[in-house]
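Listed below, chain by chain, are the residues.
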Amino acid sequence: MKKLNLLFVAVMSLGVFLTSCDPEDGIDGVDGVDGVDGVDGQDGADGQDGRDGVDAMMVDAAGLLLASIEADGGVPYNAENPALTFTAEQNVFIPSVLGIDFRTDRSVVPAGPTARFPMFQGWETLPSGENREAHYVITEASDRGLARLLGIIYSPRMAEAIGSGGEQESQWTDDGRLVFEGSVDFSPKRSLTAGGADGQLFGFPPAEVNPGAIADDNWSSYVVLPGTDVVINAQLVANSTGIHDRIPNPNGNSQAEEDDQNNPNLDRSQASVVMQLLDGWHDDAPYYFHIVTDTSDPGPATIELGVFAPKLANLPTFGLFPGGSMLPFSPTANGVLPGANNPDGFQGLNTASLSERQVNDPTNTFPIDPRDPAYSPMWDAHITEFTVPAEERVILKSFDQINDLLADGTLIPFRGNANPSPLSNSLSDLLTATGAIINCPVITQPDASVIGTQIGSPRN
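Residues numbered from 1 in each chain as written. Predicted model: local features only at pLDDT ≥ 70, side-chain atom pairs only at ≥ 80, totals over all residues. Heavy atoms only, no water.

**Considering the side chain of Arg116**
Okay, step 1: As for its position among the elements, Arg116 is in strand E3 (residues 114-118).
Okay, step 2: Here Ser457 takes part through its backbone oxygen, which lies 3.1 Å from a polar atom of the side chain of Arg116.
Okay, step 3: A distance of 2.6 Å separates a polar atom in the side chain of Arg116 from a polar atom in the side chain of Asn460.
Okay, step 4: Residue contacts for Arg116: discarding those within four places in its chain leaves Val97, Leu98, Gly99, Gln270, Ser272, Val273, Val274, Ser457, Pro458, Arg459 and Asn460. (Helix = DSSP H or I, 4+ residues; strand = E, 2+ residues; numbered from the N terminus. Polar contact = N/O pair within 3.5 Å; in protein donor to acceptor, adjacent residues only side chain to side chain. Contact = heavy atoms within 4.5 Å.)

**Let's talk about the side chain of Asn350**
Okay, step 1: Within the fold, Asn350 resides in helix H5 (residues 349-354).
Okay, step 2: A relative accessible area of 2% places Asn350 in the buried class.
Okay, step 3: Ignoring any residue separated from it by four or fewer positions in sequence, one finds Asn350 in contact with Phe202, Phe204, Ala333, Asn334, Gly335 and Leu337. (Buried < 20%, exposed > 50% of the residue type's maximum accessible area, 1.4 Å probe, protein only.)

**Re the environment of Met378**
Okay, step 1: Structurally, the position occupied by Met378 is in strand E24 (residues 378-381).
Okay, step 2: For Met378 and Tyr222, which are 156 residues apart along the polypeptide, the C-alpha to C-alpha distance reads 9.3 Å.
Okay, step 3: Filtering out sequence-adjacent residues up to four positions away, Met378 remains in contact with Ser221, Tyr222, Leu312, Leu315, Ser325, Met326, Leu327, Ile437, Ile438 and Asn439.

**What about the pairing of strand E5 (residues 131-141)?**
Okay, step 1: Among the 11 residues of E5, 10 are classified as buried, and the element is accordingly described as predominantly covered.
Okay, step 2: In the sheet, strand E4 (residues 120-125) pairs with E5 via 6 bridges, with the strands oriented antiparallel. Across the sheet, the residue bridging to Phe120 is Tyr136, located in E5.
Okay, step 3: Hairpin connection, E4 to E5: the antiparallel pair is bridged by 5 residues, and Gly129 has positive phi, about 95 degrees.
Okay, step 4: Summarising the sheet, E5 and strand E14 (residues 231-239) pair through 7 bridges and their orientation is antiparallel. Each residue of the ladder has a partner; that of Val137, found in E14, is Gln235.
Okay, step 5: Both E5 and strand E6 (residues 153-154) contribute to a ladder of 2 bridges, which runs parallel. (Pairing = 2+ DSSP bridges.)

**Describing the environment of Asn218**
Okay, step 1: The residue Asn218 is located in the loop between strand E12 (214-215) and strand E13 (222-224) in this model.
Okay, step 2: Given a relative accessible area of 38%, Asn218 falls into the partly exposed group.
Okay, step 3: Sequence-wise, Asn218 and Ser183 are 35 residues apart; in three dimensions their C-alpha atoms are separated by 7.2 Å.
Okay, step 4: Sequence-distant contacts of Asn218, that is, excluding residues within four places in its chain, are made with Gln168, Glu181, Gly182 and Lys311.

**So, the pattern of salt bridges**
Okay, step 1: Evaluation of the coordinates by the stated rule reveals 8 salt bridges.
Okay, step 2: Notably, a salt bridge pairs Asp72 with Arg177, separated by 2.8 Å at the nearest N-O pair. Within this pair, whereas Asp72 is found in the loop between helix H2 (56-71) and strand E2 (99-101), its partner Arg177 is found in the loop between strand E7 (168-173) and strand E8 (178-180), the two being separated by 105 residues in sequence.
Okay, step 3: For Lys397, the salt bridge goes to Asp344, with nearest N and O atoms at 2.8 Å. Of this pair, Lys397 sits in the loop between strand E25 (384-386) and helix H6 (399-407) while Asp344 is found in the loop between strand E22 (327-329) and H5, placing the two residues 53 residues apart along the sequence.
Okay, step 4: By relative accessible area, which is 34% here, Asp344 ends up partly exposed.
Okay, step 5: Linked by salt bridges that have partners in common, Asp101, Arg103 and Arg459 make up one network. (Salt bridge = Lys/Arg side-chain N within 4 Å of Asp/Glu carboxyl O.)

**Focus: unusual backbone geometry**
Okay, step 1: Look at the link from Phe204 to Pro205: it is a cis peptide, with omega at 0 degrees.
Okay, step 2: For Pro205, the location among the structural elements is in strand E11 (residues 201-210).
Okay, step 3: Notably, Asn91 is not glycine yet its phi reads approximately 50 degrees, a positive angle.
Okay, step 4: Along the chain, the position of Asn91 falls in the loop between H2 and E2.

**So, the sheet that holds E2**
Okay, step 1: Read across the sheet, 5 strands follow the order E16-E17-E3-E2-E29 without closing on themselves; strand pairing throughout is antiparallel. In this open sheet, the two edge strands, each paired with only one partner strand, are strand E16 (266-267) and strand E29 (454-456).
Okay, step 2: Judged from the 3 bridges that link them, E2 and E29 form a sheet pairing that is antiparallel. The residue bridging Asp101 from the neighbouring strand is Gln454, located in E29.

What follows is the structure, given as C-alpha cells:
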C-alpha cells in the first residue's frame, strides 16, 4: 500500500492522456478528438436527443479510462467501430460488454447467464489514508457524451446524487487512474440462515444474514469524476482482500472458492471480468438480465451476493418517483417456489433465501428499462407479500399487474417495509418502500429466441 501522487486539478488536460500511453497505441475515436458527434437517443429512447459534440473534459476522461484498459492488456471500447454489434432480439443496453452467455440451463452452465465486462484498475483509499489497488467496472454515466465514448448506459438522473451524501468524490493519479474515497473488504464469508414459517411467509425474511463483502462508510458506487458534476456508476469487483461474489468460479459456486484470486473469470492480464446475471420481469416479459453489485442493506447484499455499502442509503429521494436518483422496483417476499410446476418458473425472496448461494434468482419485477430517460441503476425496493395460499400465487410480471393485485387484496405491502404508508408516485399509490437500495445495472433483455446462445467472448 502507498500514497499516490494525485492531480489536484479542476480541469483535466488532454495532455495527461497523451503522456499516459504510447502515441503509437492511440485509440480511434478518442485520441486527439476535439468533439464527437452526438447520438439521437439511446438505443431508440425517446426524449434523449443527442448534442452536437461531447464536452472536452468528457473526451479527456474517456481517453484516460480507455487508455488504462489498453495499458492493462485489454481491448478498449471504440465508439466509432465497436468490436461487437447486437441485434434487436439481443437487446443489449451496454455496447462495451465483451461477450454474453445467454444460456440459462444450470445443468449445462452452473453459473447461468453471464456477461464479460471491461475491467478498470484504480485505487481505493483505506481509513488509514493509504491507498490500495482495486479493480472495478463502469456501467452508467450521467453525461451522454461520456456514456457514448465508454459504451455504457446514459442515466442523467444519477447526477441528482451530488450533494446528497450518498456519492463519493474521486481524483486522478498522475498516470490517469481513478482514486476513490472509500474501500471494500471482500474477505468476509457470506452466510444466510433462512427464516421460519410466519403465516404465509417462509424462508424470507432470513433469520440471520452475513454479507460476503462490506464497504466502509466512505464507499459509494456513485462516483463524481474529478472537477466535474458528472457521476459514473463504478463498482469494485476485486482487491487484495478478495473478489466480488457475483464472479462465478468455473468449478461452480463453492463458498470455499469465493475469493479465489486465481479465478480465471477475473483476468487482470486481459482487463476483463465475468459476472453472473440475475433474471427479472419487465413489461410482462422475462430475461430482464442485470447484475447486483452493492446495496445499502445487509439483507439484499447477502441474498443477492452483493456488497453491503451503507453510504448508498443517503441517496435521494427515498420512496418517490419521479424525483431523486433512484427507481422503485418490486421483489415479492413469498412468491412461487420451485417445484410448483408453474410454466413461468419461480419467483420470490423466499426462493432465493432457501437456495444454496442463491442458485435461484428472486426474479424481481421492474417498471422500466435503460431506454427510458428516467432509468437509474439504483433501485428502491418496494416488497410485496401474497395473502393467498402458495398454490394460488402467480408470477408477477409487471407493475400494472402488481397494482391490480394490491387493489383486490391478493397482495399487500410487505409487513417489513419501512414506510408506514405508501408514498404517492407515478408507478404505484398502494405500495410502500423497504428502505433498501440495490445497485443493479440492467445489461440486456433478450427475446426468447436468443436464450441458449452466446455472443462475443463471454469467458476469459
